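Next come the chains, spelled out residue by residue.
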Amino acid sequence: MTEPRRLILASASPIRATMLRQCGVEPEIVPARVDEAALKAGMVAESAKPRDIADALAEMKARKISQKHPEAVVIGADQVLVQGDRLFDKAETIQEAAEILRTLRNSAHTLLSAAVAYEGGEPVWRHIGQVQLVMRDFSDDFLADYITRHGDGLLATVGCYKLEEDGPALFSRVQGDYFTILGLPLLEVLAFLRTRRIATS
């Protein structure tokens, strides 16, 4: 019987690892330490499209870990949020999180979740999922209560919300794949992993 291929997830995101494990895939977690801010700033300065930025961030992570572990299948993933011409970063403070939520309130934004697979230091597969979300016109009191309840947990995601918890209360409409919102185009990743006999076919 052929030994299963080694799979490395080049991400520190607990939810990405959980999604894979719930589907019977057990990745090794080796977060890639990369300068995301510098890459993103450079691409924004060159007027790169948001989907290209998400793809480049995911690829940078996968490439770095694959160079150290060429025998493994390495998945890099990243997510960007865009509203109009503005690309959002994760909030660094509760005050910044509140400002992001006020900016997104009563308007639409897009989440792009990219995944890139590397083997032997070379890219072998990639996919970018896209979801459109419309945040409802919630009250300032609702926002204050939401921020009080979640605290620093808001700093973990680029939109300062978690749809796997009570995030749906912020929205009036969501169009697209649920897993992509959580940060990984899971169905497409699983389909790729089946071609490598890492996920059950």
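Since the structure is predicted, the reported quantities are computational estimates derived from the model, not experimental observations. (Residues numbered from 1 in each chain as written. Predicted model: local features only at pLDDT ≥ 70, side-chain atom pairs only at ≥ 80, totals over all residues. Heavy atoms only, no water.)

Draft legend 1. Focus on the environment of Arg 33. Relative to the assigned elements, Arg 33 resides in the loop between β2 (28-29) and α2 (36-45). The exposure class assigned to Arg 33 is exposed, which follows from its relative accessible area of 64%. (Helix = DSSP H or I, 4+ residues; strand = E, 2+ residues; numbered from the N terminus. Buried < 20%, exposed > 50% of the residue type's maximum accessible area, 1.4 Å probe, protein only.)

Draft legend 2. Expanded view of the packing of helix α4 (residues 94-104) against helix α5 (residues 140-150). Interaxial distance between α4 and α5 falls to 11 Å at its minimum, and their mutual angle equals 140°. On the basis of their axis angle, the class for α4 and α5 is oblique. Both α4 and α5 take part in a crossing whose hand is right-handed. Along the contact surface, α4 presents Ile 94, Ala 98, Leu 101 and Arg 102, while α5 presents Leu 143, Tyr 146 and Ile 147. In the contact of α4 with α5, the residues fall into 6 nonpolar, no polar and 1 charged. (Axes fitted to C-alpha atoms, helices over the stretch in contact; angles between N-to-C directions. Parallel < 35°, antiparallel > 145°, perpendicular 65-115°, else oblique. Left-handed = near helix turned anticlockwise from the far one by under 90°. Contact = heavy atoms within 4.5 Å. Nonpolar A, V, L, I, M, F, W, Y, C, P; charged D, E, K, R; others polar.)

Draft legend 3. Molecular detail of helix α1 (residues 14-22). Buried residues of α1: Arg 16, Ala 17, Met 19 and Leu 20, and no others. All buried residues of α1 fall inside an arc of 160° around its axis, so they share one side. Along α1, the residues that are exposed and aim more than 90 degrees away from the buried face are Pro 14 and Gln 22. Tucked into the core, α1 has its buried residues touching β1 (7-9), β2, β3 (73-83), α6 (178-182) and α7 (186-195). Looking one or two residues beyond α1, the residue adopting positive phi is Gly 24, at roughly 85°. (Arc of directions from axis to C-beta.)

Draft legend 4. Layout of α7. Within the span of α7, buried status applies to Leu 186, Val 189, Leu 190, Phe 192 and Leu 193. Each buried residue of α7 sits inside an arc of 160° when the element is viewed along its axis, so together they form one side. One or two residues past the end of α7 sits Arg 197, with phi positive at roughly 60°.

Draft legend 5. Geometry of the packing of aromatic side chains. One pass over the structure, following the stated rule, counts 5 aromatic pairs. Look at Trp 125 and Phe 192: their rings are 5.1 Å apart centre to centre, the planes differ by 20°, and that puts the pair in the stacked class. Of the two residues, Trp 125 sits in strand β6 (residues 122-135) while Phe 192 sits in helix α7, which places them 67 residues apart along the sequence. Across this residue pair, the class does not change: Trp 125 and Phe 192 are buried. Ring geometry for Tyr 161 and Phe 171: centres 4.9 Å apart, planes at 80°, overall edge-to-face. One end of the pair, Tyr 161, is in the loop between α5 and β7 (171-175); the other, Phe 171, is in strand β7, with 10 residues separating them in the sequence. Residue classification places Phe 171 among the buried positions, given a relative accessible area of 10%. Here the aromatic residues Phe 138, Phe 142 and Tyr 146 are joined through ring pairs into a cluster of three or more. (Phe/Tyr/Trp six-rings, centres within 6.5 Å; stacked < 30°, edge-to-face > 60°.)

Draft legend 6. Representation of the nonpolar core. Met 135, Tyr 161 and Leu 170 are the most contacted members of the largest nonpolar core, which totals 24 residues. Elements with a minimum of two residues in this core: α4, β6 and α5. Of all the elements, α4 adds the most residues to this core, at 5 residues. Not counting residues up to four positions away in its chain, the partners in contact with Met 135 are Leu 101, Leu 104, Arg 105, Asn 106, Ser 107, His 109, Tyr 161, Leu 170, Phe 171 and Ser 172. In terms of nonpolar packing, the next biggest core, distinct from the first, is built from 22 residues, Ala 32, Ala 56, Val 80 and Tyr 118 among them. (Core = buried A, V, L, I, M, F, W, Y, C linked by side-chain atoms within 4.5 Å.)

It is worth stressing that arrangement in space is one thing and function is another; only the former is reported here.
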